[in-house]
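Listed here are the chains, written in short residue letters.
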Amino acid sequence: MKFIVLHGPNLNLLGRREPDVYDTLTLEEINDSIAQLADELGCSVTFLQTNAEGGLIDAIQATPGVYDGIIINPAAYTHTSIAIRDALASAGVPFVEVHLSNIHRREAFRHISMTAPLAVGQICGFGRDSYLLGLRALFSHLD
Ligand code: DQA
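Now for a look at the structure at hand. Since we're looking at a predicted model, the values are computed, not measured.

### What to know about the packing of helix α2 (residues 27-41) against helix α5 (residues 128-142)
Packing of α2 against α5 leaves a shortest axis separation of 10 Å and a crossing angle of 25°. In this view, α2 runs roughly parallel relative to α5, as classed from their interaxial angle. Handedness of the crossing formed by α2 with α5: right-handed. Between α2 and α5, the contacting residues are Glu 29, Ile 30, Ser 33, Ile 34, Leu 37, Ala 38, Glu 40 and Leu 41 on the first element and Arg 128, Tyr 131, Leu 132, Leu 135, Arg 136 and Phe 139 on the second. Here the residues of the contact of α2 with α5 are counted per class, giving nine nonpolar, one polar and four charged.

Rendered as structure tokens:
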């Protein structure tokens, strides 16, 4: 099974970005943990971080026939991007939406997700573990 992990805007700054909210792990450390879990599960993972909405859309459009599933943290685009939602809808590749923080206990504008209604599920609030739980859950869902 092949998965792609998509990280949205500002997640490249993890480690020094609002550590009280996002902890101090870097994106590289998070990706290393995901890659280690993928090895244990016997699946492959590819990673992409981009600050650009169009970059995420291009990556999503390229998933059908290449990847079996997507783990996506659309970051702030979660709350605003109908274009990313439409890309996920037309790709039709099963995905899990993940967030480091619990978006439902933060500002009201973060309670809305454009993408979650299309997801197999949403996992938030567990920091790095949100990604690991997301991979495990999508793997079991597809297995
Ligand atoms: C986030 C939550 C979003 O509201 C925020 O804009 C982010 C990160 C998270 O992982 O907790 O950039 O997706």
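There's more to say after this.
### A short note on the site of the ligand
Contacts to the ligand come from Arg 17, Tyr 22, Asn 73, Ala 75, Ala 76, His 79, His 99, Leu 100, Ser 101, Ile 103, Arg 106 and Arg 110. With respect to the ligand, the side chain of Ser 101 contributes an N or O atom lying 2.6 Å from an oxygen atom. In the model, an oxygen atom of the ligand is placed 2.9 Å from a nitrogen or oxygen of the Arg 110 side chain. In terms of residue class, the shell around the ligand is built from five nonpolar, four polar and three charged.

### Quick notes on the nonpolar core
Formed by 23 residues in total, the largest nonpolar core has its most connected members in Phe 3, Leu 14, Ile 34, Ile 71, Leu 100, Tyr 131 and Leu 135. Counting residues per element, the ones that place at least two in this core are β1 (2-7), α2, β4 (95-99) and α5. Dropping the residues within four chain positions of it, Phe 3 is found in contact with Cys 43, Ser 44, Val 45, Thr 46, Tyr 67, Gly 69, Ile 71, Leu 135, Leu 138, Phe 139 and Leu 142. Residues Ile 4, Ala 59, Tyr 67 and Ala 91 belong to the second largest nonpolar core, which totals 17 residues.

### A look at the packing of helix α3 (residues 53-61) against helix α4 (residues 82-91)
Between α3 and α4, the least distance of the axes is 9 Å, while the angle of their chain directions is 5°. Overall, the two elements α3 and α4 adopt an arrangement that is roughly parallel. Contacts between α3 and α4 involve Glu 53, Leu 56, Ile 57 and Ile 60 on the former and, on the latter, Ala 83, Ile 84, Ala 87, Leu 88 and Ala 91. Residues of the contact of α3 with α4, tallied by class, amount to eight nonpolar, no polar and one charged.

### Some thoughts on α3
For α3, the complete set of buried residues consists of Leu 56, Ile 57, Ala 59 and Ile 60. The buried residues of α3 occupy an angular sector of 165° when projected down its axis, which confines them to one face. For α3, the exposed residues lying more than 90 degrees away from the buried face are Asp 58 and Gln 61. Looking at the buried residues of α3, the elements they touch are β1, β2 (44-49), β3 (69-73) and α4.

### Concerning unusual backbone geometry
Phi angles above zero are rare outside glycine, and Asn 10 is one such case at about 75°. Examined against the element boundaries, Asn 10 turns out to sit in the loop between β1 and α1 (19-22). The backbone of Asp 23 sits at a positive phi, close to 70°, despite the residue not being glycine. Mapped onto the elements, Asp 23 comes out in the loop between α1 and α2. When its relative accessible area of 46% is taken as the criterion, Asp 23 is described as partly exposed.

Rules and cut-offs
The residue numbers shown here count from 1 along each chain, following its written sequence. Only residues with pLDDT of 70 or above have their local features reported here, since the model is predicted, and side-chain atom pairs are shown and tallied only from 80 upward, although totals for entire chains, interfaces and linings are computed over all residues. To get the side-chain values, all heavy atoms of the structure are used, and hydrogens and water are removed first. Angles shown run from 0 to 180 degrees and are taken between the N-to-C directions of axes, each axis being a line fitted to C-alpha atoms and, for helices, limited to the stretch in contact. A run of H or I in DSSP counts as a helix once it spans at least four residues, and a run of E counts as a strand once it spans at least two, with each numbered from the N terminus. Here is the rule for angles: anything less than 35 degrees is roughly parallel, anything more than 145 is roughly antiparallel, 65 through 115 is roughly perpendicular, and the remaining ranges are oblique. Take the far helix as your reference; a near helix turned counterclockwise from it by less than a right angle gives a left-handed crossing, and one turned clockwise gives a right-handed crossing. Should any heavy atoms of two residues lie within 4.5 Å, those residues are considered in contact. Side-chain classes are defined by residue name, with Ala, Val, Leu, Ile, Met, Phe, Trp, Tyr, Cys and Pro counting as nonpolar, Asp, Glu, Lys and Arg as charged, and the others, Gly among them, as polar. For each residue, the test is whether any non-hydrogen atom lies within 4 Å of the molecule or strand; if one does, the residue is near. Side-chain atoms alone can form a polar contact between residues adjacent in sequence; in general such a contact is a pair of N or O atoms within 3.5 Å, and within protein one must be able to donate a hydrogen while the other accepts it. Among buried residues, those of type Ala, Val, Leu, Ile, Met, Phe, Trp, Tyr and Cys that are joined through side-chain atoms within 4.5 Å constitute a nonpolar core. Relative accessibility decides the category of a residue: with a 1.4 Å probe and only protein chains considered, values under 20% of the type maximum give buried, values over 50% give exposed, and everything between is partly exposed. Throughout, the arc means that of the directions going from the helix axis to the C-beta atoms.

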